[in-house]
2 protein chains.
Amino acid sequence: MNQYHNPDSATIQQIVRRPQMDTSTLAAIIGDVFDNIEKRKDEALIEYTERFDKIRLSSLQATSAELVGAEHALPMALKTAIQQAYKNITLFHERQRTESIKIETQPGVMCWQQAVPIDRVGLYIPGGSAPLFSTVLMLAIPAKLAGCSEIVLCSPPNMHGQIHPAILYTAHLCGVTKVIKAGGAQAIAAMSIGTESVPKVDKLFGPGNQYVTAAKQKAFEKGTAIDMPAGPSEVLVFADNTGDPAFIASDLLAQAEHGVDSQVIFATTKLDLIEQVLAEIKQQETQLPRQEMTSIALEHSHAVSFDDVHTAFAFVNEYAPEHLIISADAPDQYVPLIKNAGSVFLGHYTPESAGDYASGTNHTLPTNGHAKAFSGVNLDAFFKKITFQQISDTGLDNLGPTIIQMAEAEQLQAHANAVKIRLNRS
Amino acid sequence: MNQYHNPDSATIQQIVRRPQMDTSTLAAIIGDVFDNIEKRKDEALIEYTERFDKIRLSSLQATSAELVGAEHALPMALKTAIQQAYKNITLFHERQRTESIKIETQPGVMCWQQAVPIDRVGLYIPGGSAPLFSTVLMLAIPAKLAGCSEIVLCSPPNMHGQIHPAILYTAHLCGVTKVIKAGGAQAIAAMSIGTESVPKVDKLFGPGNQYVTAAKQKAFEKGTAIDMPAGPSEVLVFADNTGDPAFIASDLLAQAEHGVDSQVIFATTKLDLIEQVLAEIKQQETQLPRQEMTSIALEHSHAVSFDDVHTAFAFVNEYAPEHLIISADAPDQYVPLIKNAGSVFLGHYTPESAGDYASGTNHTLPTNGHAKAFSGVNLDAFFKKITFQQISDTGLDNLGPTIIQMAEAEQLQAHANAVKIRLNRS
């Protein structure tokens, strides 16, 4: 880890800068994928799956027998754990439901706002060696709670044409309406355009590699909403002089095992804590299977100490971490200083892993500094808010002159006329 | 207007398709603007303003003397109207404030969500013959209510280096912190990158021409959030057999005067209402100053009749209009059928103009079918929701085994270890 003490603002700008992911070189590839799916739909999707996942599928959709059967393929302990996480995530997201609001802004002028579920959503779950069933929980639970009528999940099959039973089991548990065996940019293109097997969706959610990310950008340009721009996962651990080196090291390592491009930052107001944390990392690392990966991730990571706590949090907010851990006996004192973060973990017994899996909060969070303006996935992400208004004839008598005055000042006579014609009638 | 009766689904797909705005041809121009602003900051901004707005400014920022002085340049009646609109918009947006939510998902596991204002926002107000001060109200009021600390407004100056007093007056009234005399793609680039005079912002809001739209897309790619993708303004008027032809015609014309690319749709369950509305349009049009523009907009517009009300609303939802007017004696019966719309206007005395200016709802709304997944600008658009969690040692005793089970099933040993190391200590 690179070490800094009271860095100046130029250095801070360097530290907070994430590695740029340039997806523009992928534009031609992604453009072809979209064109191909647009023209040949399922046929193209089946061909891409054969090329990249090494299996020619006769049917893209997972059958209900596969979904139901997955339950028997999982150990009981894992199912119990998934059910506990399901329960907590459901509780926290259900609590986020907002009531519709209504107000008479002036006599006879009623205005209200109503949350209406997005009709059709698409969830992308990456493949790879480990089945990311936790992301199924994080995306499908709020989709179901919101009342989305179509919840499509795409995930690449293995070379036997199967999706991991933990993903199928979780999808079934959460009420996913259709599981499609397709991955990569072609899955994103299929959900954004629609094919014979894959419903066209209104909004896309979920993580993925650079091809998936570029495809989501393309889908956004073409009119499909997306959850948020993606980037490598990050953690920033802040500790004061009550920070626990072993716990901090374990959290930094947990982040580092996500990949060599993971961002790991340690900020502290206790200078000598850095050495202790580094020593702990060294020791714990030897017991972890992904040591090669974690060492590379830690090489380009930063440990920063500050004499002043406000300067430290100015840095935290400038970095705007996806995950922010506050390692302190009395973490509450720092909460008012937090302006930008995706999800915050307070105190010694609140590891990021808790929120990654099972405490109830969502783990799909803004990376790459986007926490300055983006929220993580939450119940609201599956709704749009529609405003309504109803004005009585008396209401328009009251409000009309204001509207006419403003419309004429903006030189929009027909806007004024739509009011005048009504005032003349009443 | 093109007329259809009970169109089949292929025809509906044609009707709902908006003219594609291809901004990819602008990519090179916009790329240059961003590069130029990045390198030469204010100097570049001043040059662009000289080239496009025909004035070489010595200072980009409007002075407080200009802001305060604007009040004296406006007629009292217009100021009173703006103040009434200000009051209504404030009431409706303040009502949208959400409380932070907190829940103990299981014993010892506290999760909460808190809305934190986006620190710095940038509002773009286009120039042109008419001053769009109403958009200043729609963007600056919720920004101020949310508590954004920096509210930057960019609008192009006239050839005398001035911004229209109605814009300055409204900006001052709403608490805009900085008014910058700059327009076009260069203003968007400046707010997204930051210059000596223009603060770098976290999120960009506001309408604009194709250059502004392309620049907002570019800013989004480079990491600045934006309110929503933009497109030409639209209205869909639905009427049952109680629809009022004169009122309907006035609303369609109000939409058509926005520009030749405006989208105007009339849908009805009363076939012969179409002829009556067309006759009314013909008559009212002659009294309006922008007749040339409205006729072109109406030429590529559609009037569609349906025998069945559910089919009619399937069409409405597929079109997903920015503005939806329900022209009926008893409009409430149709509210449950509305799935996709930006803002809805119910009953005979609720013209779109009311919401455009002064009733209290926002007029910055999703166009181009984006109402399927996007909300209009609202108070929440100026916040991000941060989740927090705090787990006690007993809480982790309870939840820990679930986390470990799931982390190991996803082959993330360091994630499991961050829990184990804590459980071993407690």
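Residues numbered from 1 in each chain as written. Chains lettered and ligands numbered in written order. Predicted model: local features only at pLDDT ≥ 70, side-chain atom pairs only at ≥ 80, totals over all residues. Heavy atoms only, no water.

## Section: the overall build of chain A
Phase 1 of the analysis: In terms of regular secondary structure, chain A is built from 15 helices and 14 strands.
Phase 2 of the analysis: Taken along the three principal axes of its C-alpha coordinates, chain A extends 85 × 60 × 45 Å.
Phase 3 of the analysis: The buried share of chain A, taken over its 426 residues, is 61%.
Phase 4 of the analysis: Pairs at least 24 apart in sequence give 74% of the contacts found in chain A among residues at least 6 apart.
Phase 5 of the analysis: When the accessible surface of chain A is split by element, carbon and sulfur atoms take 50% of a total near 15,500 Å².
Phase 6 of the analysis: Here chain A carries 32 positive and 46 negative side-chain charges, and the mean point of each set is 9 Å from the other. (Helix = DSSP H or I, 4+ residues; strand = E, 2+ residues; numbered from the N terminus. Buried < 20%, exposed > 50% of the residue type's maximum accessible area, 1.4 Å probe, protein only. Contact = heavy atoms within 4.5 Å. Areas by Shrake-Rupley, 256 points an atom, 1.4 Å probe, with all protein chains shown as cover. Lys, Arg positive; Asp, Glu negative; His and termini not counted. Charge placed at Lys NZ, Arg CZ, Asp CG, Glu CD.)

## Thoughts on the nonpolar core
Phase 1 of the analysis: In terms of nonpolar packing, the biggest core is built from 200 residues, with Phe-382 of chain A together with Phe-382 of chain B touching the most fellow members.
Phase 2 of the analysis: Once you skip the residues sitting within four places of it in the chain, Phe-382 of chain B turns out to touch Pro-117, Ile-118, Val-121, Leu-123, Leu-139, Pro-142, Ala-143, Ala-146, Cys-148, Phe-205 and Val-377 of chain B. (Core = buried A, V, L, I, M, F, W, Y, C linked by side-chain atoms within 4.5 Å.)

## Side note on unusual backbone geometry
Trans is the common state for peptide bonds, and a negative phi is the common state for residues other than glycine.
Phase 1 of the analysis: Unlike most non-glycine residues, Asn-368 of chain A shows phi in positive territory, near 60°.
Phase 2 of the analysis: Take Asn-368 of chain A: it is sitting in the loop between helix H13 (352-357) and strand E14 (383-391).
Phase 3 of the analysis: Phi is positive for Gln-411 of chain B, which is not a glycine, with a value near 60°.
Phase 4 of the analysis: Structurally, Gln-411 of chain B is set in the loop between helix H14 (393-409) and helix H15 (413-425).

## Quick word on the relation of the copies chain A and chain B
Phase 1 of the analysis: Mapping chain A onto chain B calls for a rotation angle of 180° and an axial translation of 0.0 Å; the resulting RMSD is 0.0 Å. Here the transformation between the copies is reduced to the relation of a two-fold axis. Relative to the rotation axis, the closest C-alpha in chain A is found at Thr-98 of chain A, a distance of 3.9 Å.
Phase 2 of the analysis: Most of the interface of chain A is mirrored in chain B, where 100% of its interface residues are also at the interface. (Least-squares fit on C-alpha atoms with pLDDT ≥ 70 in both.)

## A look at the interface of chain A and chain B
Phase 1 of the analysis: Contact with chain A, which involves 117 residues of that partner, is made by 117 residues of chain B.
Phase 2 of the analysis: In total, chain A and chain B occlude about 10,500 Å² of area from one another, counting both sides; carbon and sulfur atoms represent 60% of this.
Phase 3 of the analysis: The interface formed by chain A and chain B holds eight salt bridges in total.
Phase 4 of the analysis: When the residues that make up the side of chain A that touches chain B are grouped by side-chain class, the tally is 56 nonpolar, 38 polar and 23 charged.
Phase 5 of the analysis: Looking at chain direction, E14 of chain A and strand E13 (residues 343-346) of chain B are connected through four bridges and run parallel. Following the sheet pairing, Gln-390 of chain A is matched in E13 of chain B by Leu-346 of chain B. (Buried area = accessible area lost by both parts, 1.4 Å probe. Salt bridge = Lys/Arg side-chain N within 4 Å of Asp/Glu carboxyl O. Nonpolar A, V, L, I, M, F, W, Y, C, P; charged D, E, K, R; others polar. Pairing = 2+ DSSP bridges.)

## Structural notes on the side chain of Lys-372 of chain B
Phase 1 of the analysis: Mapped onto the elements, Lys-372 of chain B comes out in the loop between helix H13 (352-357) and strand E14 (383-391).
Phase 2 of the analysis: The class for Lys-372 of chain B is buried, based on a relative accessible area of 12%.
Phase 3 of the analysis: Here the side chain of Lys-372 of chain B touches Glu-318 of chain B through a polar contact of 3.3 Å, side chain to side chain.
Phase 4 of the analysis: When near neighbours in sequence (up to four residues on either side) are disregarded, Lys-372 of chain B contacts Ile-118, Arg-120, Asp-202 and Lys-384 of chain A together with Asn-317, Glu-318, Ala-320 and Asn-340 of chain B. (Polar contact = N/O pair within 3.5 Å; in protein donor to acceptor, adjacent residues only side chain to side chain.)

## Notes on the packing of aromatic side chains
Phase 1 of the analysis: Taken as a whole and assessed by the stated rule, the structure comprises 19 aromatic pairs over all chains.
Phase 2 of the analysis: Centroid distance Phe-374 of chain A to Phe-220 of chain B: 6.4 Å. Interplanar angle 50°. Geometry classified as tilted. Of this pair, Phe-374 of chain A sits in the loop between H13 and E14 while Phe-220 of chain B sits in helix H8 (residues 210-221), on two different chains.
Phase 3 of the analysis: Assessed through its relative accessible area of 15%, Phe-374 of chain A is described here as buried.
Phase 4 of the analysis: Aromatic pair Phe-238 of chain B and Tyr-334 of chain B: ring centres 5.1 Å apart, planes at 65°, arrangement edge-to-face. Taken together, the residues Phe-238 of chain B in strand E9 (residues 234-239) and Tyr-334 of chain B in the loop between strand E12 (323-327) and E13 connect sequence positions 96 residues apart.
Phase 5 of the analysis: Taken together, the ring pairs in this structure connect Phe-220 and Phe-374 of chain A together with Phe-220 and Phe-374 of chain B into an aromatic cluster. (Phe/Tyr/Trp six-rings, centres within 6.5 Å; stacked < 30°, edge-to-face > 60°.)

## Quick look at the sheet that holds strand E5 (residues 150-155) of chain B
Residues and elements named next belong to chain B.
Phase 1 of the analysis: One open sheet holds the five strands; their spatial order is E6-E5-E4-E7-E8, and the pairing between them is parallel. The outermost strands of the open sheet, each flanked by one partner alone, are strand E6 (178-181) and strand E8 (225-226).
Phase 2 of the analysis: Here three bridges tie strand E4 (residues 120-124) to strand E7 (residues 203-205), and the two strands are oriented parallel to one another. What sits directly across from Gly-122, in E7, is Leu-204.
Phase 3 of the analysis: Here helix H5 (residues 133-146) sits on the sheet and contacts E4, E5 and E7; the angle it forms with E4, its principal contact strand, is near 170°. (Axes fitted to C-alpha atoms, helices over the stretch in contact; angles between N-to-C directions.)

## Notes on the environment of Ala-189 of chain A
Residues and elements named next belong to chain A.
Phase 1 of the analysis: By the secondary structure assignment, Ala-189 is in helix H7 (residues 184-193).
Phase 2 of the analysis: Of the residues examined, Ala-189 reaches a relative accessible area of 0% and is grouped as buried.
Phase 3 of the analysis: For Ala-189, the residues in contact, after removing those within four places along its chain, are Val-33, Phe-34, Ile-37 and Gly-194.

## Brief notes about the pattern of salt bridges
Phase 1 of the analysis: On inspection of all chains with the given rule, the structure shows 30 salt bridges over all chains.
Phase 2 of the analysis: For the salt bridge of Arg-56 of chain A with Glu-50 of chain A, the shortest nitrogen-to-oxygen distance reads 2.7 Å.
Phase 3 of the analysis: In this structure Glu-50 of chain A comes out as partly exposed when scored by relative accessible area, which is 34%.
Phase 4 of the analysis: Notably, a salt bridge pairs Glu-318 of chain B with Lys-372 of chain B, separated by 3.3 Å at the nearest N-O pair. A residue pair is termed long-range when its members are at least 10 positions apart, and Glu-318 of chain B in helix H12 (residues 309-319) and Lys-372 of chain B in the loop between H13 and E14 qualify at 54 residues.
Phase 5 of the analysis: The structure contains a network of salt bridges with shared partners spanning Asp-380 and Lys-385 of chain A together with Asp-380 and Lys-385 of chain B.

## Details of the packing of H5 of chain B against helix H6 (residues 165-174) of chain B
Describing two packed helices takes the angle between their axes plus the distance from one axis to the other.
All names here are of chain B.
Phase 1 of the analysis: Interhelical geometry of H5 versus H6 gives an angle of 15° and a closest axis separation of 9 Å. In terms of axis orientation, H5 runs roughly parallel to H6. Once H5 is placed against H6, the crossing between them reads as right-handed. In this structure, H5 uses Phe-133, Val-136, Leu-137, Ala-140, Ile-141 and Lys-144 to contact H6, whose residues at the interface are Ala-166, Ile-167, Thr-170, Ala-171 and Cys-174.
Phase 2 of the analysis: When its residues are assigned to classes, the contact of H5 with H6 shows nine nonpolar, one polar and one charged. (Parallel < 35°, antiparallel > 145°, perpendicular 65-115°, else oblique. Left-handed = near helix turned anticlockwise from the far one by under 90°.)

## A look at the pairing of E9 of chain B
Residue and element names in this part refer to chain B.
Phase 1 of the analysis: The element E9 is extensively covered by neighbouring structure, given that six of its six residues are classed as buried.
Phase 2 of the analysis: Where burial is concerned, the two faces of E9 agree: the one with Glu-234, Leu-236 and Phe-238 and the one with Val-235, Val-237 and Ala-239 are both buried.
Phase 3 of the analysis: Sheet topology places E9 next to strand E10 (residues 263-268); six bridges connect them, and they run parallel. Bridge assignment links Val-237 to a residue of E10, and that residue is Phe-266.
Phase 4 of the analysis: Across five bridges, E9 lies against E12 in parallel orientation. Bridge pairing in E12 links Val-235 to His-323.

## Comments concerning the packing of helix H15 (residues 413-425) of chain A against helix H9 (residues 245-256) of chain B
Phase 1 of the analysis: Running from N to C, H15 of chain A and H9 of chain B cross one another at 165°; their axes reach a closest spacing of 7 Å. As judged from the angle between their axes, H15 of chain A and H9 of chain B are roughly antiparallel. Seen along the crossing, H15 of chain A lies across H9 of chain B with a hand that is left-handed. From H15 of chain A, Ala-414, His-415, Asn-417, Ala-418, Ile-421, Arg-422 and Arg-425 of chain A reach across to H9 of chain B, where they touch Ala-246, Phe-247, Ser-250, Asp-251, Leu-253 and Ala-254 of chain B.
Phase 2 of the analysis: Partitioning the contact of H15 of chain A with H9 of chain B into residue classes produces seven nonpolar, three polar and three charged.

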